[in-house]
Amino acid sequence: MTDWLATYMPHWAAVLVAAGVAAGVLVSFVGLAAFLYIWGERKVSGRIQDRLGPTRVGPLGLLQSLADGIKLITKEDTAPDGADKFLFRIAPYLAFVASFAAFVAIPFGAGLVPQPVSTGVFFVLAVLSTEVFGVMLAGYASGSKWSLFGGVREAAQVVSYEVPRSLCVLVPVCVLGTLDLTKMGQQQGGGFWNWIAFHDPFNSAAFVLFFVTATAGCKRAPFDLAEAESELVAGFHTEYSGFRWSVFFLAEYASMFAVSGLAVLMFLGGWHTGFLPFEPTEQFGFWGGSALNAAVFVGKCTLLVVVMMWLRWSLPRLRIDQVMMTCLKYFLPISCGLLVGVGLWQLYLHPLIGAYTKYVLGFSTLLFGLVVFASLFTAKGVAPRRELEGVWAKG
Amino acid sequence: MNLTVVLFAMLAAVTAASAVGVAASRSVVRAAVWLLFTLIGVAGVYFLLGAEFLGAAQLIVYVGGTMVLMVFGVMITNQGPFAVLRTKPVEWAVGGVLAGGLFVLLATASLNFVSSGKTPDDPLPGISPIGLSFLGVEDGGKSYLLPFEVVSVHLLVVLVAAAYLARAKRRVNQVASGKEQGTNKEDTRQEQGVTP
């Protein structure tokens, strides 16, 4: 794009315009994704709790987030008297900038990346790890003990969970032999059995572990100790209102999408459908193929984000000591074991076994999914008895 | 005056201004935030030079690790609502002399720097040559793996020792008063938070 623009204007202007367009597209994408995910979160939670969720604003309640946004913008932007005003104001933007900057290196398709970074995985992990700073700062600067506790918990939790998360990232890196996210995606083309999650048992386990630690890193339930409304009022964002409060949620949904994108690129075949035996950009031209690639990639990421929502509304919140113990006593040794295991697998296993493992794992996972899906239609539902059992049940 | 120079000037200005902010601010956490901007500015200079790995390492080690632990320590150990540093005039003088000396040293070193003859448009080698020569695959089998492992195991031992020294101490003749037990339990819980 820069080369094409450079025929109309000087080179420096072309670079700036291209960067501005890319940043604009990404900001609108993140905003729109958060808009729809917040609606999705409400719908998912509604269905899980046997209610409808938003229905009034727009078709299926789709415009609910718009109504919320208007409400939040018109709310008064207050800061408590005891707060450190400068830090209090700057904290939400620090959190958002950190999670937004991660999108610089995430490819949405073959060659569809704002800036190709040769150490993409490392870059994204590094940038996402700075998001915690904004949350801590919000907790500290609010001048409220609830916020302070939220910030302290967030710091302890995220810094600890970074370790198993990074070790899990190394497991597929051992197989793929690169840190470049685009190359990682390209190596998983063809059938879905080529996806790294099905490469060997260690990578399947690493995928699950990465997803769990990434959920904890995004401070999503069951690891949302930083906000824990049953204990800390609203945790680190107790004192925030209006637009600054919503920026925290924009950051949260952006980082959810970013870690899902990492998981998809490393384990789930990136932008490949898993059925087409060729690279779409080579067959349908760059724009047609890229449209398909981006749609598949965003679809896969959305699937993982929906799983995060599903977890949030199904599992109770852990206690802070349980969260730390899970990380340090279980996840850390398990991820070290996975790293050693994948090394032994790559070095000492007979290549024939390795070649068949991916078919076995891939097709058994597909079969399992189909069986679960079919059982949804064959299972007999339980009709409600219109009366609660227990104390009201008549002998 | 090309774009790279303009971008470098902006990054350098941000880095320098926030470095002044670190020295000038009294609140510990505000100084930490200024330091955060300084470190991000330096990482930005690395990115501008094409050293992505170094920039990302700067972010993950200093911003994601060191700065977070620093503010974490302030949050846990702080008595009042906001920690404030009072600097004595002597400290200003000593710090100023040291900073001036360091500035002169760095300025002379960078002015005497002989260019390696590479232009910014040359393709950068990336991290794979570093990794390969580190493992001794290239450079005639000269491996740096053993010294690296020795240093990292040493660091691990230091960390374990620090955690051991800082653990919640149990008194031998513990008085079984309820209040003391309560505080003791709280200490243990805090220590568990600090250790990672």
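This one's a predicted model, so the numbers in the text were calculated from it and none came from an experiment.

### Thoughts on the overall build of chain A
Across its full length, chain A carries 14 helices and 0 strands. In sequence order, chain A lays out its α and β elements as α-α-α-α-α-α-α-α-α-α-α-α-α-α. Since a compact globule built from 395 residues should have a radius of gyration of about 21 Å, the 23 Å found for chain A is in line with a globular shape. The C-alpha extent of chain A, read off along each of the three principal axes, is 75 × 60 × 45 Å. Considering chain A as a whole, with its 395 residues, one finds that 49% of them fall into the buried category. Sequence separation of 24 or more characterises 77% of the internal contacts of chain A that already satisfy a separation of 6 or more. On chain A, roughly 18,900 Å² of surface is accessible, and the fraction owed to carbon and sulfur atoms is 70%.

### Considering the interface of chain A and chain B
Chain A puts 39 residues into the contact, and the matching count from chain B is 31 residues. Counting the surface lost from both chain A and chain B, the interface buries some 3,000 Å², and carbon and sulfur atoms represent 82% of this. Looking only at chain A, the three residues that lose the most surface to chain B are Phe 122, Phe 133 and Tyr 140 of chain A, adding up to 24% of its buried area. Where chain A touches chain B, the interface holds 0 salt bridges. Here chain A is connected to chain B by 1 residue pair in polar contact (both at pLDDT 80 or more).

### Observations regarding helix α2 (residues 28-49) of chain B
For α2 of chain B, which comprises 22 residues, the first-to-last C-alpha distance of 32 Å matches the rise-based estimate of 32 Å (1.5 Å per residue) to within 8%. Those residues of α2 of chain B that fall on the buried side of the exposure criterion are Val 28, Val 29, Ala 31, Ala 32, Val 33, Leu 36, Thr 38, Leu 39, Gly 41, Ala 43, Gly 44 and Val 45 of chain B. Buried positions along α2 of chain B lie against α4 (85-101) and α6 (131-141) of chain A together with α1 (3-24) and α3 (52-77) of chain B. Gly 50 of chain B sits one or two residues past α2 of chain B and shows a positive phi near 85 degrees.

### Describing the nonpolar core
Residues and elements named next belong to chain A. Ranked by internal contacts, the top residues of the largest apolar core, which has 118 residues, are Val 124, Phe 133, Leu 137, Phe 210, Phe 267 and Phe 297. By residue number, the principal contributor to this core is helix α11 (residues 242-267), which donates 16 residues. Once residues lying within four places of it in the same chain are set aside, the contact partners of Phe 267 are Cys 168, Pro 172, Gln 188, Trp 195, Ile 196, Ala 197, Asn 203, Ala 206, Phe 207 and Phe 210.

### Here we look at a nonpolar patch on the surface
A surface patch of nonpolar side chains, amounting to about 610 Å² of accessible area, comprises Leu 352, Tyr 356, Tyr 359, Phe 363, Leu 366 and Leu 370 of chain A. For Leu 370 of chain A, the location among the structural elements is in helix α14 (residues 351-378).

### Here's the deal with the pattern of salt bridges
Residues and elements named next belong to chain A. Counted by the stated rule, this structure contains 8 salt bridges over all chains. Among the salt bridges present, the one from Arg 220 reaches Glu 41, with a minimum N-O distance of 3.0 Å. Separated by 179 residues along the polypeptide, Arg 220 in the loop between α9 (201-217) and α10 (229-232) and Glu 41 in helix α2 (residues 11-48) bring together distant segments of the chain. Residue Arg 317 is joined to Asp 224 by a salt bridge in which the shortest nitrogen-to-oxygen separation is 2.8 Å. With Arg 317 in the loop between α12 (280-314) and α13 (320-348) and Asp 224 in the loop between α9 and α10, this pair connects stretches of sequence that are 93 residues apart. For Asp 224, a relative accessible area of 5% puts it in the buried group. Through salt bridges with shared partners, a single network forms among Glu 41, Arg 220, Glu 252 and Arg 312.

### Notes on the packing of aromatic side chains
Residues and elements named next belong to chain A. All told, the structure shown has 29 aromatic pairs over all chains when counted by the stated rule. Centroid distance Trp 193 to Tyr 359: 5.8 Å. Interplanar angle 40 degrees. Geometry classified as tilted. Here the residue Trp 193 occupies a position in the loop between α8 (181-186) and α9, and Tyr 359 occupies one in helix α14, the gap between them amounting to 166 residues. A residue is classified by how much of its surface remains accessible, and Trp 193, at 24% relative accessible area, is partly exposed. You can call Tyr 359 partly exposed: its relative accessible area is 36%. Following the ring pairs from residue to residue traces out a cluster consisting of Phe 29, Tyr 37, Phe 103, Phe 108, Phe 257 and Phe 297. The positively charged end of Lys 145 is found above the aromatic ring belonging to Trp 146, 5.2 Å away from the centroid.

### Concerning the side chain of Ser 147 of chain A
The residue Ser 147 of chain A is located in helix α7 (residues 145-176) in this model. In this structure, Ser 147 of chain A is in contact with Ala 138, Gly 139, Ser 142, Gly 235, Phe 236, Thr 238 and Glu 239 of chain A, ignoring residues within four places of it in sequence.

### Side note on the domain arrangement of chain A
Residues and elements named next belong to chain A. Taken domain by domain, chain A comprises domain 1 (1-74) and domain 2 (79-394). Computed from C-alpha atoms alone, the centre-to-centre distance between domain 1 and domain 2 is 20 Å. Each partner contributes to the interface: domain 1 provides 16 residues, whereas domain 2 provides 22 residues. When residues of domain 1 are sorted by the area they lose upon contact with domain 2, Tyr 37, Glu 41 and Leu 72 head the list and together hold 37% of the total. Run the count over domain 1 and domain 2 and you get 2 salt bridges.

Parameters at a glance
Residues numbered from 1 in each chain as written. Chains lettered and ligands numbered in written order. Predicted model: local features only at pLDDT ≥ 70, side-chain atom pairs only at ≥ 80, totals over all residues. Heavy atoms only, no water. Helix = DSSP H or I, 4+ residues; strand = E, 2+ residues; numbered from the N terminus. Rg over C-alpha atoms; globule rule 2.2 N^0.38 Å. Buried < 20%, exposed > 50% of the residue type's maximum accessible area, 1.4 Å probe, protein only. Contact = heavy atoms within 4.5 Å. Areas by Shrake-Rupley, 256 points an atom, 1.4 Å probe, with all protein chains shown as cover. Buried area = accessible area lost by both parts, 1.4 Å probe. Salt bridge = Lys/Arg side-chain N within 4 Å of Asp/Glu carboxyl O. Polar contact = N/O pair within 3.5 Å; in protein donor to acceptor, adjacent residues only side chain to side chain. Expected span 1.5 Å × (residues − 1). Core = buried A, V, L, I, M, F, W, Y, C linked by side-chain atoms within 4.5 Å. Patch = residues over 30% accessible without salt bridge, like charges linked within 9 Å, V, L, I, M, F, W, Y side chains within 5 Å. Phe/Tyr/Trp six-rings, centres within 6.5 Å; stacked < 30°, edge-to-face > 60°. Lys NZ or Arg CZ within 6 Å of the ring centre and 35° of its normal. Domains from an automatic or database assignment.

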